[in-house]
Amino acid sequence: MFSKETYISRRARLRQLVKDGIIIFFGNNNAPANYPTNAYSPFRQDSSFLYYFGQHRDGLAGVIDVDNDKETLVGDDIDIEDIVWSGAVDSVSALAAQVGVANSAQMKELKSICDKALRQKRRIHFLPPYRHDTKIQIMDLLGIHPGQQKEASSPCLIQAVVKMRSTKEPQEIEAIERACAVGYQMHTTAMRLVKAGVTEQYIAGQVDGIARSLAQGNSFATIFSQHGEIMHGNPSRAELQDGRLVLCDAGCELDDYCSDNTRTMPVNGKFTQRQLEIYSIVEACHDYVLEVAKPGVKYADVHFAVCRMMTDRLKELGLMKGDTEEAVRAGAHAMFLPHGLGHMMGMDVHDMEGLGQIYVGFDEETRPNPEQFGTNCLRMGRRLEEGFVVTDEPGIYFIPALIDDWHRSGHCAEFLNFDLLEQYKDFGGIRIEDDVLITKDGCRFLGKERIPYHPQDVEAFMAGN
C-alpha cells in the first residue's frame, strides 16, 4: 500500500475525468478451489480497486459519488467465527480511513445506493467484470444480465482508468524494479538447474517457489518447456534432453506490481551452430527495441520494424525470400512470430487487458487489425508516452502444424522456403523478453541486474563462470 495521499489524489483525478455519476469498483471475493472454505491462495484483489482504494481484504467495494463529492468503502466487518479461523482484521471504517475515505457502509447498503441512483436516472459507472460472482452481484444491483455487462460497462470510466494506470508513477516504477529483482532470482535459478535428466516440472517448481518465498507469488503461470514453439507451454514431467533448447517465461508480483521475463537456453549449456543462428536474430531484434522505442513512436511501428529486421535475417539463412516490405505486409513473418512484440505491464502482467485491448493497447489513431494472422495478436500498438511500461519480447518459433498448414495451402509461398522449413520442425522456439520503461528521451530496461541473454553470457553463466 502506498501513502493515504496517493489514493486521495488518484480518486480526485478520476472524478475530474469521469465528471458525473456514481463509480463503483468491485473488489474480489475469495475464489473456492474445490469447496467453499478451500480457496485459491494467495488471495488476489482486483487491480483497479487496489489502484484507487489500496486495500487487499476480500468482500469490499468502493463507491465514488462524483456529483456529491462523496466516497464510501463498502463491506461487512468479519464476525467472531472468522476471527477464530483467520485472525482479527481492521474494521471497514478503519480500512476506509487508512486510504482517506470518509465513509463506510455495510454491503447490503450498496443496493440502496444503486436503487437511489437508478431512480434519479444517474449514470452508474463500472468496469467490465471478469469474475462470475461479481457478474451476479451486478445483476442483483443493476438488473443487467451477465451476458450484457461487458457492453453495459462504462467507456468513460474505462478510458479514465486506462489513462491513469498507463502512466506509471515513480513509486510504481520502484515497485516494478523490486519485482524484477525477484524475477532475476527466478530466471538465474532456472539457468543453474537446467541440465539433461532434470524434469521441466521440477525446475518450474523451484522457480515458482522463489516467487512465493520472496514475493506475493507468480504474476502468471510459469511457462517452462522444451517445446518453446508452444506459446504457453506448461511444464511437464518430461526430462530435459541433451541438445535441445528450453524456454522459461516467468515473473512475480511484489507490492502489487509485476515482472515478466523470458529466457531460452541450451539444455547442455552450449548452443549448436543452428541454434545460435536463430538465437542471434532474436537477440538483435530484442536489442533493436532500445534504439527505436521512445515517446511519440507507435509501438506498432516498433513491432513492424522488428519484423522487417527479422525477415531480412531469416532471408540470409534461406528460410524467407522475396521483398522484405511485401513479405511483412503479407504477414509472412508471422510464420515465425505469430504474436505481438509486447504488451503493457504494471499491476497486471498484461496490464488492464480485462478492460479491453481496444482501449489499452490502441486508441482512435491506432487501430488493431483483427484479420491478419499474427497482427491480430498485437496487444500494444498506440503511441508510447513517458512512464509507460511495456514488454519487449520478440521470438522465432518453428510450429510443425503451422508449417504444414501454410505449405498445404500455399499461403505466403512466395516468401517462405518450405523445403528448408521442413528441416526445422524439431527446433522448438526462442523468445527473449524484458520489461521496458519509456523515459523522457527513449527507454530503458527495468531491473538493476540483467538476466543473462547474450549467448556468450548464457553459456558462461550456465558453466558457472
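Preceding this paragraph is the structure being described.
Residues numbered from 1 in each chain as written. Predicted model: local features only at pLDDT ≥ 70, side-chain atom pairs only at ≥ 80, totals over all residues. Heavy atoms only, no water.

### Focus: empty space enclosed by the protein
Right, on to step 1. Counted according to the given criterion, the structure contains one cavity of 30 Å³ or more.
Right, on to step 2. Space inside the largest cavity adds up to approximately 40 Å³.
Right, on to step 3. A per-class count over the lining of the largest cavity returns four nonpolar, two polar and three charged. (1 Å grid on protein atoms, 1.4 Å probe; cavity = no way out; pocket = protein on both sides within 12 Å on 5 of 7 lines; lining within 4 Å. Points joined across faces, edges and corners; volume = space filled by probe spheres on them. Nonpolar A, V, L, I, M, F, W, Y, C, P; charged D, E, K, R; others polar.)

### Describing the sheet that holds strand 13 (residues 261–266)
Right, on to step 1. Taken in spatial order, the three strands make up an open sheet running 9-10-13, and their pairing is antiparallel. Only two strands of the sheet have a single partner each, and these edge strands are strand 9 (223–225) and strand 13. Here the strands of the sheet are splayed against their neighbours by 10° on average, with no regard to which way each runs.
Right, on to step 2. With six bridges connecting them, strand 10 (residues 245–250) and strand 13 associate as antiparallel partners. (Pairing = 2+ DSSP bridges. Helix = DSSP H or I, 4+ residues; strand = E, 2+ residues; numbered from the N terminus. Axes fitted to C-alpha atoms, helices over the stretch in contact; angles between N-to-C directions.)

### Details of the pairing of strand 5 (residues 70–75)
Right, on to step 1. For strand 5, the buried fraction is high: five of the six residues fall into the buried class.
Right, on to step 2. Summarising the sheet, strand 4 (residues 60–65) and strand 5 pair through six bridges and their orientation is antiparallel. Bridged to valine 63 within strand 5 is threonine 72.
Right, on to step 3. Here strand 4 folds back onto strand 5, and the loop between the two strands holds four residues, one of which, aspartate 69, carries a positive phi near 50°.
Right, on to step 4. Pairing of strand 5 with strand 6 (residues 103–105), which is carried by three bridges, proceeds in the parallel orientation. (Buried < 20%, exposed > 50% of the residue type's maximum accessible area, 1.4 Å probe, protein only.)

### Describing the packing of helix 11 (residues 273–292) against helix 12 (residues 299–316)
Right, on to step 1. Interhelical geometry of helix 11 versus helix 12 gives an angle of 150° and a closest axis separation of 10 Å. When the interaxial angle is binned, helix 11 and helix 12 end up roughly antiparallel. Crossing handedness for the pair helix 11 and helix 12: right-handed. Facing helix 11, whose interface residues are Ile278, Ser280, Ile281, Ala284, Cys285, Tyr288, Val289 and Val292, helix 12 presents Tyr299, Val302, Ala305, Val306, Met309, Met310, Arg313 and Leu314.
Right, on to step 2. Of the residues contributing to the contact of helix 11 with helix 12, the split by class is 14 nonpolar, one polar and one charged. (Parallel < 35°, antiparallel > 145°, perpendicular 65-115°, else oblique. Left-handed = near helix turned anticlockwise from the far one by under 90°. Contact = heavy atoms within 4.5 Å.)

### Examining helix 6 (residues 132–142)
Right, on to step 1. Among all positions in helix 6, only Thr134, Ile138, Leu141 and Leu142 are buried. Looking straight down helix 6, one finds its buried side chains confined to an arc of 70°; they lie on one side. Looking at helix 6, the residues exposed on the side facing more than 90 degrees away from the buried face are His132 and Asp140.
Right, on to step 2. Where helix 6 is buried, its residues meet strand 1 (22–26), helix 5 (109–119), strand 7 (124–125) and helix 7 (149–152). (Arc of directions from axis to C-beta.)

### Remarks on the packing of aromatic side chains
Right, on to step 1. Enumeration over the complete set of coordinates arrives at eleven aromatic pairs.
Right, on to step 2. Judged by centre distance (6.1 Å) and plane angle (40°), the rings of phenylalanine 2 and tyrosine 257 are tilted. Of the two residues, phenylalanine 2 is situated in the segment before helix 1 (4–18) and tyrosine 257 in strand 12 (residues 257–258); the sequence distance between them amounts to 255 residues.
Right, on to step 3. Residue classification places tyrosine 257 among the buried residues on the basis of a relative accessible area of 1%. (Phe/Tyr/Trp six-rings, centres within 6.5 Å; stacked < 30°, edge-to-face > 60°.)

### Notes on the side chain of arginine 165
Right, on to step 1. Inspection of the secondary structure puts arginine 165 in helix 8 (residues 155–166).
Right, on to step 2. Since its relative accessible area comes to 2%, arginine 165 is described here as buried.
Right, on to step 3. Among the polar contacts made by the side chain of arginine 165, one reaches the side chain of aspartate 351 at a distance of 3.0 Å.
Right, on to step 4. Excluding anything up to four places from it in sequence, arginine 165 contacts Ser47, Ser48, Tyr51, Met347, Asp348, Asp351 and Met352. (Polar contact = N/O pair within 3.5 Å; in protein donor to acceptor, adjacent residues only side chain to side chain.)

### Quick word on the pattern of salt bridges
Right, on to step 1. This model, assessed by the stated rule, comprises 29 salt bridges.
Right, on to step 2. With its nearest N and O atoms 2.9 Å apart, the salt bridge here joins arginine 11 to glutamate 71. Linking arginine 11 in helix 1 with glutamate 71 in strand 5, this pair joins segments that are 60 residues apart in sequence.
Right, on to step 3. Residue classification places glutamate 71 among the buried residues on the basis of a relative accessible area of 12%. (Salt bridge = Lys/Arg side-chain N within 4 Å of Asp/Glu carboxyl O.)

### Here's the deal with the side chain of threonine 6
Right, on to step 1. Within the secondary structure, threonine 6 sits in helix 1.
Right, on to step 2. Exposure remark for threonine 6: the relative accessible area of 11% places this residue in the buried category.
Right, on to step 3. At a separation of 3.2 Å, a polar atom in the side chain of threonine 6 contacts the side chain of glutamine 171.
Right, on to step 4. Once you skip the residues sitting within four places of it in the chain, threonine 6 turns out to touch Glu169 and Gln171.

### With respect to helix 10 (residues 200–214)
Right, on to step 1. With 15 residues, helix 10 extends 22 Å from end C-alpha to end C-alpha; this agrees with the ideal 21 Å at 1.5 Å per step.
Right, on to step 2. Looking only at helix 10, the buried set comprises Glu200, Ile203, Ala204, Val207, Ile210 and Ala211. Along the axis of helix 10, the buried residues cluster in a sector spanning 115°; they form a single face.
Right, on to step 3. The secondary structure elements touched by the buried residues of helix 10 are helix 9 (170–193), strand 8 (217–218), strand 9, strand 10 and strand 11 (252–254). (Expected span 1.5 Å × (residues − 1).)

### A few points about the nonpolar core
Right, on to step 1. Ranked by size, the top nonpolar core spans 124 residues in total, and within it Leu14, Phe25, Phe336 and Phe398 carry the most contacts.
Right, on to step 2. If one sorts the elements of this core by residue count, helix 9 sits on top with ten residues.
Right, on to step 3. If sequence neighbours within four positions are ignored, leucine 14 has contacts with Ile23, Phe25, Tyr52, Ile64, Leu157, Ala160, Val161 and Met164.
Right, on to step 4. In this structure, Ile24, Cys114, Ala117 and Leu142 belong to the second largest nonpolar core, which totals 15 residues. (Core = buried A, V, L, I, M, F, W, Y, C linked by side-chain atoms within 4.5 Å.)

### Describing unusual backbone geometry
Right, on to step 1. The peptide bond linking serine 41 to proline 42 adopts the cis configuration, its omega dihedral lying at 0°.
Right, on to step 2. Its location among the elements puts proline 42 in the loop between strand 3 (38–39) and helix 2 (47–53).
Right, on to step 3. In the Ramachandran plot, aspartate 256 falls in the positive-phi region, its phi being about 75° despite a non-glycine side chain.
Right, on to step 4. By secondary structure assignment, the location of aspartate 256 is in the loop between strand 11 and strand 12.
Right, on to step 5. Exposure remark for aspartate 256: the relative accessible area of 10% places this residue in the buried category.

### Description of the layout of surface pockets
Right, on to step 1. The computed volume of the largest pocket comes to approximately 890 Å³.
Right, on to step 2. Contributing to the lining of the largest pocket are 41 residues, with Asn28, Arg44, Gln45, Tyr130 and Asp348 lying nearest its centre.
Right, on to step 3. Residue composition of the lining of the largest pocket, grouped by class: 20 nonpolar, 14 polar and seven charged.

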